[in-house]
Amino acid sequence: MIDRREFLKNTGLVTLGTIGLTKSVSALIQEETADTAKTNLDEELIPVVISTWKHGIPANEAAWKVLAVNGKALDAVEQGVRVPEADPNVQSVGYGGLPDRDGYVTLDACIMDEKGNCGSVACIQNIKHPISVARLVMEKTPHIMLVGDGALKFALANGFKKENLLTKEAKEKWLKWKKESNYNPKKSNEHDTIGMLAIDKACNISGACTTSGLAWKYHGRVGDSPIIGAGMYIDNEVGGAAATGKGEAVIKIAGSFLIVELMRNGKSPQEACELAIERIIKNQSDYKDFQVGFIALDKKGRYGAYSINNGFQFALYRNKQNQLLDSKSFL
Ligand code: ASP
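Going along each chain's sequence as written, the residues are numbered from 1 onward. For this predicted model, a pLDDT threshold of at least 70 governs which residues receive local features, and a threshold of 80 or more governs which side-chain atom pairs are given and counted, while totals over whole chains, interfaces and linings are taken from all residues. To get the side-chain values, take all heavy atoms of the structure and skip hydrogens and water.

Colleague: Pulling in residues and values, what's your account of the nonpolar core?
Modeller: As used in this record, nonpolar core signifies buried Ala, Val, Leu, Ile, Met, Phe, Trp, Tyr and Cys residues forming a set joined through side-chain atoms within 4.5 Å. Throughout, exposure labels follow a simple rule: accessible area from a 1.4 Å probe, protein chains only, divided by the maximum for the residue type, with under 20% read as buried, over 50% as exposed, and the rest as partly exposed. With 49 residues, the main nonpolar core has Ile259, Val292 and Phe294 as its most contacted residues. Per the convention used, a helix needs a DSSP run of H or I reaching at least four residues, while a strand needs a run of E reaching at least two, with both numbered from the N terminus. In terms of residues, this core owes the most to one element, helix α10 (residues 269–283), which gives six residues. Core analysis: the second largest hydrophobic core is formed by 45 residues, Ala63, Val121, Ile194 and Ala198 among them.

Colleague: Describe in detail the packing of helix α9 (residues 255–264) against α10, supporting the description with residues and values.
Modeller: The packing of two helices is summarised by the inter-axis angle and the distance between the axes. Here the axes come from fitting lines to C-alpha atoms, over the contacting stretch only for helices, and the angles between their N-to-C directions go from 0 to 180 degrees. Relative orientation of the contacting elements α9 and α10 amounts to 135°, with a least axis distance of 9 Å. Classed by the angle they form, the pair α9 and α10 counts as oblique. The hand of the α9/α10 crossing is right-handed. Seen from α9, the contacting residues are Leu258, Ile259, Leu262 and Met263; seen from α10, they are Pro269, Ala272, Cys273, Leu275, Ala276 and Arg279. Classification convention: Asp, Glu, Lys, Arg as charged; Ala, Val, Leu, Ile, Met, Phe, Trp, Tyr, Cys, Pro as nonpolar; all other residues, Gly among them, as polar. A per-class count over the contact of α9 with α10 returns nine nonpolar, no polar and one charged. When an angle is under 35 degrees it counts as roughly parallel; over 145 it counts as roughly antiparallel; between 65 and 115 it counts as roughly perpendicular; any other value is oblique. Helix crossings fall into two classes, left-handed where the near helix is turned counterclockwise from the far one by less than a right angle and right-handed where it is turned clockwise. Contacts are assigned to residue pairs that have any heavy atoms within 4.5 Å of one another.

Colleague: So what's going on with the packing of aromatic side chains? Which residues, and what values?
Modeller: Two aromatic rings from Phe, Tyr or Trp, using only the six-membered ring of Trp, form a pair when their centres are within 6.5 Å; if the ring planes differ by under 30 degrees the pair is stacked, by over 60 it is edge-to-face, and anything between is tilted. Evaluation of the coordinates by the stated rule reveals six aromatic pairs. Arranged with centres 5.0 Å apart and planes meeting at 75°, the rings of Trp53 and Phe312 form a pair that is edge-to-face. One end of the pair, Trp53, is in the loop between β3 (48–52) and α3 (56–68); the other, Phe312, is in the loop between β12 (303–307) and β13 (313–318), with 259 residues separating them in the sequence. By relative accessible area, Trp53 is classed as buried at 12%. A relative accessible area of 1% means that Phe312 is categorised as buried. Between Tyr287 and Phe330, the aromatic rings sit 6.1 Å apart at their centres with planes inclined by 70°, giving edge-to-face as the arrangement. Residue Tyr287 is found in the loop between α10 and β11 (292–298), and its partner Phe330 is found in the segment after β15 (328–329); the two are separated by 43 residues along the sequence.

Colleague: How would you summarise the environment of Leu324 if you had to cite specific residues and measurements?
Modeller: Note on placement: Leu324 falls in strand β14 (residues 321–326). On the basis of relative accessible area, Leu324 is assigned to the buried category, the value being 18%. Along the chain, Leu324 and Lys54 lie 270 residues apart, while their C-alpha atoms are 6.7 Å from each other.

Below, the structure is given as structure tokens:
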């Protein structure tokens with residue numbers, strides 16, 4: 001059992017990126033809880049978009065453009081995560097992503113809307129925007145998940161173009177890695193999925209998750225990100241959650257689904273993220289050697305974030321402010 005006091009000792013700081021202030025996470029959460037209690041559906045907490053890591057900032061900007069004009073959360077999350085997918089400097093998502101051990105860039109993505117519809121692609125190659133293919137799987141097929149060549153065939157049949165996603169920089173890193181071929185996914189920091197959750201003005205929630213997965217993985221390896229309930233999960237009655245970090249650890253606990261169910265049973269988004277990390281720590285003895293981070297949003301617009309190791313950041317956009325925040329962490 002993890003001692004709850006241990007969690008409370010970890011009083012992480014939040015950096016309000018745009019104005020340079022710091023606040024304790026618990027103070028922020030308390031304020032939010034009080035605000036929410038006052039008005040229940042506080043307009044100021046909604047619309048909102050939250051996403052993982054620093055590349056969440058430009059992604060949130062794109063999502064906000066949709067939310068600000070009364071657009072749908074589903075469109076917002078798709079437009080949002082397309083930004084890092086297209087950015088060659090983001091080496092963990094889409095174009096520019098680091099390849100597997102054989103030099104192939106293989107991408108995983110999933111999307112889910114407020115009705116519980118979902119779509120996903122796994123191990124797809126040569127398509128810059130797997131999130132949009134995932135959306136089409138959701139909207140145009142009787143299925144939820146397409147993988148590998150089948151996913152590529154479906155994308156090409158629906159007008160997507162085949163592109164080389166391996167940039168010069170990513171190829172150089174791979175060639176350097178190949179010299180040693182020292183694969184240690186536990187220690188690797190060469191990964192950073194974008195997971196995004198948004199609530200629109202109509203108070204509907206949707207989510208998206210997209211990644212090139214762990215660098216130097218086995219060819220064919222699929223992580224948590226395209227797996228509904230692991231990398232991301234949405235329930236319009238409750239809220240949503242998304243994961244980043246070592247996918248194998250997240251799949252083992254069905255992380256995002258677990259967080260949504262904990263919120264359904266009365267936990268705040270912050271408590272739910274902490275309990276999911278606690279579950280990993282309890283069951284996976286090597287937890288100190290890898291990173292997992294969760295973000296969560298409930299239907300009132302309250303958020304939570306928590307990770308095993310420090311260094312996990314997430315981006316929160318609401319009230320016309322897009323902030324990069326430091327998550328609390330167990331270690
Ligand atoms: N969760 C992703 C995966 O395991 C990687 C990451 O988020 O960094 O494929």
